[in-house]
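# Examining the three-dimensional arrangement
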Amino acid sequence: MKIIMISLDTLRASRLSGYGYAKPTSPHMDRIVAQGVLFERAYAADIPTEVAHTGIFTGKIGLTTGVVSHGSELTHLPKSVPWLPTMLRSAGFTTSAVDNLYQLKEWFARGYRYYTNSVGGNRWIDGVTVNELAFPWIEAHREDHFFLFLHYWDAHTPYLPPADYVPEFYDSGRDPYDPANRSMERAYNHPAYPFFKHHHYDLVGPVTDSAYYNALYDAEIRYLDDRLKELDDHLAKLGIVEDTLLILFGDHGESLTEHDIYWDHCGLYEPTVHVPLIMRWPGRIPSGKRVHGLVQQVDLLPTVLESIRQELPSHIDLAPLADPIGLDGKSLWPAIRGEAEGTAEKVFLSECAWQAARAIRTPRYKFIRTYDAGPFTRPPRELYDLIADPAENDNLADQLPELADQFEQEIGDWVSSKLGGREDPMMRQLAEAGLPFRRRIEQILSASGMSWDEWQRDPRRERFDQAASSCH
């Protein structure tokens, strides 16, 4: 048995044709969907990358592990917390990863017999590099029971797809640098601009058309899709497709100007928390299956464990593969078999990086409680009817105060039940260190001779650019 678990970093569900997108971003992923199961309403309970992956490999949400913030120096995951690669290695699987999360926190390398850091000479990681590192390993271990984690970053900023991928998604009659186009003004004059100037905008060029950025994102997805086809072709060449449980997931999505978020993954809105989740296992998972109910990323660990227990009951040591105590996730197998709609009646959501907020997502409603809006302007409470208003534009919190109160109470009860008297890690983060990405902006501003408050009073691109150039 082989398990290949693939993180498609920053991949938004609604940008794939399997989830209703009209443009051809994902022809090979569409083929995988036709051969397996697609979960229509899969959610990242904790965002962004660091907390999402911690949840995936522990089967526990951030409130349970204490890891709720991305890039925080306060967080630590004890080695006593069960960790999927460690469990599989203890059971006799050969474990491997092509990944760079070790750069963020040491625990991401736990449990692997082979850990290949995919970071090269710069931050941006090309899917070609991931494949070049993974393919020889797969071939060398094709006779093993193995677990392989692959982490593709192509859909993450900066969007730098090969030039020949762009025309399919951007009208040839448009000029991305048209000086008369003002659609980038809100992004360029946003309080978060100092971070994205160096991280994204300067790398892409003096774009004036926001639609061009969205096209670049689509082109990156198509480029990623081709890398996944190469991976599948390699598995077919080695003759191991039938023996491989393939799991594709987005760790979080991406906002493409919605809710004043410009090509980034914060905010507990659907573009960022609704993620793709696709599984294929020939002969075990039915072809073309679609699961309609709510599921979440922490469901993956118990699903993998159940898959192995079903497949290899007499070939490996099952003792390390018992479900750990205190899991927040549930196996997806009842939903795959059609015995359940999903794994949850409602999903609780959390972020503590750009903003600090918690939310509850039911089949109909989304309620968001914001504790610190960071560089954004947010009301403390937001309530959306996702059936009538799927784009989350009409905040009903003031019109339906009793329902908003009910949801806020549910969030409070949920937090209390998960903490069991422990300190709330989000509130500790805010009190002791603040929001990590606000701190990053403050450092960038300080290097340019400007304070946060001074910048917030007048966040114009020209002011920061002038200050930055005069200091350098």
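Residues numbered from 1 in each chain as written. Predicted model: local features only at pLDDT ≥ 70, side-chain atom pairs only at ≥ 80, totals over all residues. Heavy atoms only, no water.

- An unreviewed UniProt entry annotates the chain as Arylsulfatase A-like enzyme originating from Paenibacillus favisporus.

## What to know about helix H12 (residues 401–419)
- Relative to the 27 Å expected for 19 residues at 1.5 Å per residue, H12 spans 27 Å between its end C-alpha atoms, a close match to the ideal helical length.
- Within H12, the full set of buried residues consists of Leu 403, Ala 404, Phe 407, Glu 410, Ile 411, Trp 414, Val 415 and Leu 419. Looking down the long axis of H12, one finds its buried residues gathered within 155° of arc, a one-sided arrangement. With respect to the buried face of H12, the exposed residues turned more than 90 degrees away are Glu 402 and Ser 417.
- Here the buried face of H12 lies against helix H3 (62–65), strand E13 (347–352), strand E14 (356–361), strand E15 (365–372), strand E16 (381–385) and helix H13 (425–432).
- Backbone geometry just downstream of H12 places Gly 420 in the positive-phi region, at approximately 55°. (Helix = DSSP H or I, 4+ residues; strand = E, 2+ residues; numbered from the N terminus. Expected span 1.5 Å × (residues − 1). Buried < 20%, exposed > 50% of the residue type's maximum accessible area, 1.4 Å probe, protein only. Arc of directions from axis to C-beta. Contact = heavy atoms within 4.5 Å.)

## A look at the side chain of His 28
- Locating His 28 in the fold gives a position in helix H1 (residues 27–35).
- Within the structure, His 28 has its side chain in polar contact with the side chain of Asp 232 (distance 2.8 Å).
- Sequence-distant contacts of His 28, defined by excluding residues within four places in its chain, comprise Asp 225, Leu 228, Lys 229 and Asp 232. (Polar contact = N/O pair within 3.5 Å; in protein donor to acceptor, adjacent residues only side chain to side chain.)

## Considering empty space enclosed by the protein
- With the rule as written, the count across this model stands at 4 cavities of 30 Å³ or more.
- Looking at the largest cavity, its volume works out to about 70 Å³.
- Around the largest cavity, the lining residues are Ala 187, His 190, Ala 192, Tyr 193, Phe 196, Tyr 201, Asp 260, Ile 261, Tyr 262, Asp 264 and Phe 376.
- Contributions of two or more residues to the lining of the largest cavity are made by helix H7 (193–204) and strand E9 (262–264).
- With 3 residues, H7 is the largest single contributor of residues to the lining of the largest cavity.
- Put simply, the second largest cavity is a space of about 40 Å³.
- In terms of lining, the second largest cavity is formed by Ala 45, Asp 46, Val 51, Ala 52, Gly 55, Ile 56, Lys 60, Ile 61, Gln 297 and Val 298. (1 Å grid on protein atoms, 1.4 Å probe; cavity = no way out; pocket = protein on both sides within 12 Å on 5 of 7 lines; lining within 4 Å. Points joined across faces, edges and corners; volume = space filled by probe spheres on them.)

## Examining the sheet that holds E14
- Pairing is mixed across the open sheet formed by 5 strands, whose spatial order is E3-E13-E14-E15-E16. Strands at the two margins of the open sheet, each flanked by one partner only, are strand E3 (46–47) and E16.
- Two strands pair when backbone bridges link them, and E14 and E15 are joined in this way by 6 bridges, in the antiparallel orientation. Directly across from Arg 361, in E15, lies its bridge partner Lys 366. (Pairing = 2+ DSSP bridges.)

## Some points on the pairing of strand E4 (residues 94–99)
- With 6 of its 6 residues buried, E4 lies for the most part within the structure.
- Note: E4 against strand E6 (residues 146–152), 5 bridges, orientation parallel. Within the sheet, the bridge partner assigned to Thr 95 lies in E6 and is Phe 147.

## Notes on the layout of surface pockets
- Put simply, the second largest pocket is a space of about 350 Å³.
- Lining the second largest pocket are 17 residues, and of these Glu 270, His 274, Arg 361, Pro 390 and Ala 391 sit closest to its centre.
- Put simply, the parts of the chain that give the lining of the second largest pocket at least two residues each are strand E2 (37–43) and helix H9 (270–273).
- A total of 3 residues in the lining of the second largest pocket trace back to one element, the largest contributor, which is E2.
- For the lining of the second largest pocket, the class distribution of residues is 8 nonpolar, 2 polar and 7 charged. (Nonpolar A, V, L, I, M, F, W, Y, C, P; charged D, E, K, R; others polar.)

## Quick notes on helix H2 (residues 49–58)
- Most of H2 sits out of view: 10 of its 10 residues are buried.
- Burial in H2 covers these residues: Thr 49, Glu 50, Val 51, Ala 52, His 53, Thr 54, Gly 55, Ile 56, Phe 57 and Thr 58.
- Note on H2: the residue one or two positions beyond its end, Gly 59, has a positive phi of about 70°.

## Some thoughts on the pairing of E16
- Within E16, 4 of the 5 residues are buried, which leaves the element mostly enclosed by the surrounding structure.
- As defined by bridge partners, E15 adjoins E16 across 5 bridges and the pair is classed as antiparallel. When the sheet's bridge partners are listed, Lys 366 is paired in E16 with Tyr 384.

## So, the side chain of Arg 378
- Along the polypeptide, Arg 378 turns up in the loop between E15 and E16.
- The charged side chain of Arg 378 is buried without a salt bridge, its nearest counter-charge being Glu 382 at 5.0 Å.
- A polar side-chain atom of Arg 378 sits 2.8 Å from the main-chain carbonyl oxygen of His 259.
- Within polar-contact distance, the side chain of Arg 378 engages the side chain of Gln 355 at 3.0 Å.
- Residues contacting Arg 378, with those up to four places away along its chain left out, are His 259, Asp 260, Ile 261, Tyr 269, Gln 355, Thr 370 and Ala 373. (Lys, Arg positive; Asp, Glu negative; His and termini not counted. Salt bridge = Lys/Arg side-chain N within 4 Å of Asp/Glu carboxyl O.)

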